[in-house]
Amino acid sequence: MAPSFADLTARRTAERARLARERAALVVERLGALGVEASIVGSLARGDFRLHSDINFLILACPPELKYRLEAEVEDLMEGLPFDCIYLDEVRPDRRARLLEEAQDASPRG
């Protein structure tokens, strides 16, 4: 019996989440080497990542000369996976607490 559409979608989603977490870990590690403190937030951090989700990086601290330029580095490392960089110093105060509570390191989950 052929796998159902739901089974195929679930497998593709799980594989894409694994790949996203792997690449996010690489990004956070590389940014750390540049003096940037970053975490993941959003669906990947919450565990509700879907087939078409993007990866959200919360930039907690960044040398001023790298702000916004670091996104080119992230783009190279993500290899086509969509992402967004959210700079904590630009987040409205009413959203900061929620983002900080949600923030996780990007270590691969086993």
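The present account deals with the structure reproduced in this document. Because the structure is predicted, anything quoted here is derived from the model rather than measured.

### Points about the pattern of salt bridges
- On inspection of all chains with the given rule, the structure shows 10 salt bridges.
- The salt bridge involving Arg-92 is made with Asp-94; its shortest N-O contact spans 3.1 Å.
- Connected through salt bridges with shared partners, the residues Arg-46, Asp-48, Arg-98 and Glu-102 form a single ionic network.

### Side note on the side chain of Ser-39
- Within the secondary structure layout, Ser-39 lies in strand E1 (residues 37-41).
- A relative accessible area of 10% means that Ser-39 is categorised as buried.
- Sequence-distant contacts of Ser-39, that is, excluding residues within four places in its chain, are made with Asn-56, Phe-57, Leu-58, Leu-60, Ala-103 and Gln-104.

### As for the pairing of E1
- Of all 5 residues in E1, 4 are buried; the element is thus mostly enclosed.
- Direction of pairing for E1 relative to strand E2 (residues 55-61): antiparallel, over a ladder of 5 bridges. In the sheet register, Val-41 faces E2, and the bridge partner there is Asn-56.

### Considerations on the environment of Tyr-68
- Looking at the element boundaries, Tyr-68 is found in the loop between E2 and helix H3 (70-78).
- Of the residues examined, Tyr-68 reaches a relative accessible area of 45% and is grouped as partly exposed.
- Taking C-alpha positions, Tyr-68 is 9.1 Å from Tyr-87, a pair spaced 19 residues apart along the chain.
- Excluding anything up to four places from it in sequence, Tyr-68 contacts Tyr-87 and Glu-90.

### Brief notes about the packing of helix H1 (residues 5-33) against H3
- Between H1 and H3, the shortest axis-to-axis distance is 9 Å and the interhelical angle comes to 145°. With respect to the hand of their crossing, H1 and H3 are arranged in right-handed fashion. Across the interface between the two elements, Arg-23, Ala-24, Leu-26, Val-27, Arg-30 and Leu-31 from H1 touch Leu-70, Glu-73, Val-74, Leu-77 and Met-78 from H3.

### With respect to unusual backbone geometry
- Backbone geometry places Tyr-68, a non-glycine residue, at a positive phi of 75°.
- Residue Glu-79 is not a glycine yet carries a positive backbone phi of 50°.
- Its location among the elements puts Glu-79 in the loop between H3 and strand E3 (83-87).

### A word on the nonpolar core
- Of all hydrophobic cores here, the largest spans 25 residues; its most connected members are Leu-31, Ile-55, Phe-57, Ile-59, Leu-70 and Val-74.
- With 7 residues, H1 is the single largest residue contributor to this core.
- In this view, Ile-55 contacts Ala-20, Ala-24, Leu-44, Phe-49, Met-78, Leu-81, Pro-82, Phe-83 and Asp-84; residues no more than four positions away in its chain are not counted.
- The next biggest cluster of nonpolar side chains, apart from the first, holds 6 residues, and it includes Val-41, Leu-58, Ile-86 and Val-91.

Cut-offs applied
Residues numbered from 1 in each chain as written. Predicted model: local features only at pLDDT ≥ 70, side-chain atom pairs only at ≥ 80, totals over all residues. Heavy atoms only, no water. Salt bridge = Lys/Arg side-chain N within 4 Å of Asp/Glu carboxyl O. Helix = DSSP H or I, 4+ residues; strand = E, 2+ residues; numbered from the N terminus. Buried < 20%, exposed > 50% of the residue type's maximum accessible area, 1.4 Å probe, protein only. Contact = heavy atoms within 4.5 Å. Pairing = 2+ DSSP bridges. Axes fitted to C-alpha atoms, helices over the stretch in contact; angles between N-to-C directions. Left-handed = near helix turned anticlockwise from the far one by under 90°. Core = buried A, V, L, I, M, F, W, Y, C linked by side-chain atoms within 4.5 Å.

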